[in-house]
Amino acid sequence: MRVVSGIQPTGNLHLGNYLGAIRNWVRMQDDVAAKGGQCLYFLADLHAISQPHVPAELASNTREMVAALVACGIDPNRSVLFNQAQVSEHAQLQWLLNGTARMGWLNRMTQWKDKAGKNREGASVALFTYPVLQAADVLLYQATHVPVGEDQKQHLELARDIAQKFNNDFGAGAEVFTLPEPIIPAEAARIMSLRDGSAKMSKSDPSDMSRINLTDDADTIMTKVKKARTDPEPLPGEVAGLAGRPEAANLVGIYAALAGTSQAAVLAEFGGKGFGAFKPALGELLVESLAPINARFVELRQDRPALDTILHQGAAKARALAGPTLDRAYAALGLVRG
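A quick note: this is a predicted structure, and the numbers were derived from the prediction, not measured.

*Asks:* Explain the overall build of the chain to me, please; I cannot follow it from the model alone.
*Replies:* Helix and strand counts for the chain stand at 13 helices and 5 strands. Against the globule reference of 20 Å for 338 residues, the chain gives a C-alpha radius of gyration of 22 Å, in line with a compact fold. For the C-alpha atoms alone, the extent of the chain along its principal axes is close to 70 × 40 × 40 Å. Here the chain, with 338 residues, has 46% of them falling under the buried criterion. Long-range contacts, defined here as pairs at least 24 residues apart, represent 75% of the contacts in the chain between residues at least 6 apart.

Following this line, the structure appears as structure tokens:
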């Protein structure tokens, strides 16, 4: 079993990033290792240049994301952790797969339509071919499984279509690429803004009070929770009572996700109580849960040599795994290499 997954490097990591994605990676690392498998996790910095970006920020965010992943529990000695830019095989295989991918397939990608918007003529070619690079990311390592959410199912299906067509057209009866199967991760917590329960927690929100950052200290966390938007009603005793109360549902959901329990269990404990009693309990749980991550993250993000070493060593492992697949793809296409 070989699991491959990537994440775009973004700055200002927050609670939503941790509970929504990173924590699942940590769990998967443990589960796959227990089955004798291997996880490869990469920072998708090549994907990041498909849209306007600030180069210095991309470099900084890549290192910061590595610090966050390690602080949250990704172990570079148990998983292969690297960034795409140090493994040129990703870009090489994307070009080889461009000959197999079809314009019609890419035109049907809903994320292309969403991200390009009405100005498709002004969008970059990289944004259009983004899914082919995603296919290369997983096919390069003969991934058997790829974690996917709702927004990525279509891209994994495309990767399978590309792999199948390449195998049929150039495999000469042999399988050049493994067709990866989807893994639907354990339901990830959907964390909303502390100021607006109908909007996702986001680093782009101009108000820092809308999110819990991984760099926030205990006092800051407690202040943000106490000032989080709520309604005047006490918490209901049952989950159905959260309908139409997005801010209350969000805070209860955060508590449940951190405590590893259900919203029903949280309401069984706090139902009938006001937010004056619930918010301090939530704040204490957040501080207790995030303090070790915060301390390790703040320490690591200042140690650039250590972060660069993690990326360098991970990239070396990734290149060793990627090389044989890339060689087979070149040979299958009849390309002569020295």
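Next, the rest of the story.
*Asks:* Would you mind going over helix α11 (residues 263–270) with me for this structure?
*Replies:* An α-helix turns once every 3.6 residues. As a result, residues three or four positions apart point the same way. Along α11, the residues classified as buried are V266, L267 and F270. The buried residues of α11 occupy an angular sector of 95° when projected down its axis, which confines them to one face. At its buried positions, α11 is contacted by α10 (246–259) and α12 (275–301). Positive backbone phi, approximately 90°, marks G272, located one or two places after α11.

*Asks:* What is the right way to look at the pattern of salt bridges in this model?
*Replies:* Evaluated as defined, the whole model comprises 12 salt bridges. Ionic contacts of the salt-bridge type, sharing partners, join the residues D208, R211, D216 and K224 into one network.

*Asks:* Looking at this structure, I do not really get the state of the cysteines. What am I missing?
*Replies:* Two cysteines, two sulfur atoms, one covalent bond between them: this is a disulfide. Taken as a whole, this structure holds 0 disulfides when the rule is applied. Free cysteine C72: the closest other cysteine sulfur is in C39, separated by 16 Å. Here C72 falls in the buried class, since its relative accessible area comes to 10%.

*Asks:* Is there a simple way to explain the packing of aromatic side chains in this structure?
*Replies:* Each aromatic ring pair is summarised here by two numbers: the centre-to-centre distance and the angle between the ring planes. All chains considered together, the criterion is met by 9 aromatic pairs. Each ring, one from W112 and one from F128, has its centre 5.0 Å from the other, and the planes form 75°; the classification is edge-to-face. Here F128 lies in helix α7 (residues 125–139) and W112 lies in helix α6 (residues 110–116), a separation of 16 residues in the sequence. One aromatic cluster is present, built from ring pairs that chain together F42, F82 and Y141. The ring centre of Y330 lies 3.8 Å from the NZ or CZ of R337, which sits over that ring.

*Asks:* What is the right way to look at the pairing of strand β1 (residues 2–7) in this model?
*Replies:* Every other side chain in a regular strand lies on the same face of the sheet, so the side chains alternate between the two faces. Both β1 and strand β2 (residues 38–43) contribute to a ladder of 6 bridges, which runs parallel. Within β2, the position partnered with G6 by the bridge is F42. In this view, the connection linking β1 to its parallel neighbour β2 by way of helix α1 (residues 15–34) has right-handed handedness.

*Asks:* Sorry if this is basic, but what is going on with the nonpolar core here?
*Replies:* Across soluble globular proteins, nonpolar side chains show a tendency to be buried alongside one another. If you look at the biggest cluster of nonpolar residues, it comprises 58 residues, and the most contacted ones within it are L15, L81, F278, L286 and L290. Top element by residues in this core is α12. It accounts for 9 residues. Not counting chain neighbours up to four residues away, the residues in contact with F278 comprise L235, L251, V252, Y255, V266 and F270. Among the nonpolar cores identified, the runner-up in size contains 42 residues, and W105, M109, L158 and A163 belong to it.

*Asks:* Help me understand the environment of A281 in this model?
*Replies:* Mapped onto the secondary structure, A281 falls in helix α12. For the pair formed by A281 and F270, sequence separation is 11 residues and the distance between their alpha carbons is 9.8 Å. What A281 contacts, discounting residues up to four positions off in sequence, is Y255 and F270.

Conventions adopted
- Residues numbered from 1 in each chain as written.
- Predicted model: local features only at pLDDT ≥ 70, side-chain atom pairs only at ≥ 80, totals over all residues.
- Heavy atoms only, no water.
- Helix = DSSP H or I, 4+ residues; strand = E, 2+ residues; numbered from the N terminus.
- Rg over C-alpha atoms; globule rule 2.2 N^0.38 Å.
- Buried < 20%, exposed > 50% of the residue type's maximum accessible area, 1.4 Å probe, protein only.
- Contact = heavy atoms within 4.5 Å.
- Arc of directions from axis to C-beta.
- Salt bridge = Lys/Arg side-chain N within 4 Å of Asp/Glu carboxyl O.
- Disulfide = S-S within 2.5 Å.
- Phe/Tyr/Trp six-rings, centres within 6.5 Å; stacked < 30°, edge-to-face > 60°.
- Lys NZ or Arg CZ within 6 Å of the ring centre and 35° of its normal.
- Pairing = 2+ DSSP bridges.
- Right-handed = clockwise from strand over helix to strand, strands pointing away.
- Core = buried A, V, L, I, M, F, W, Y, C linked by side-chain atoms within 4.5 Å.

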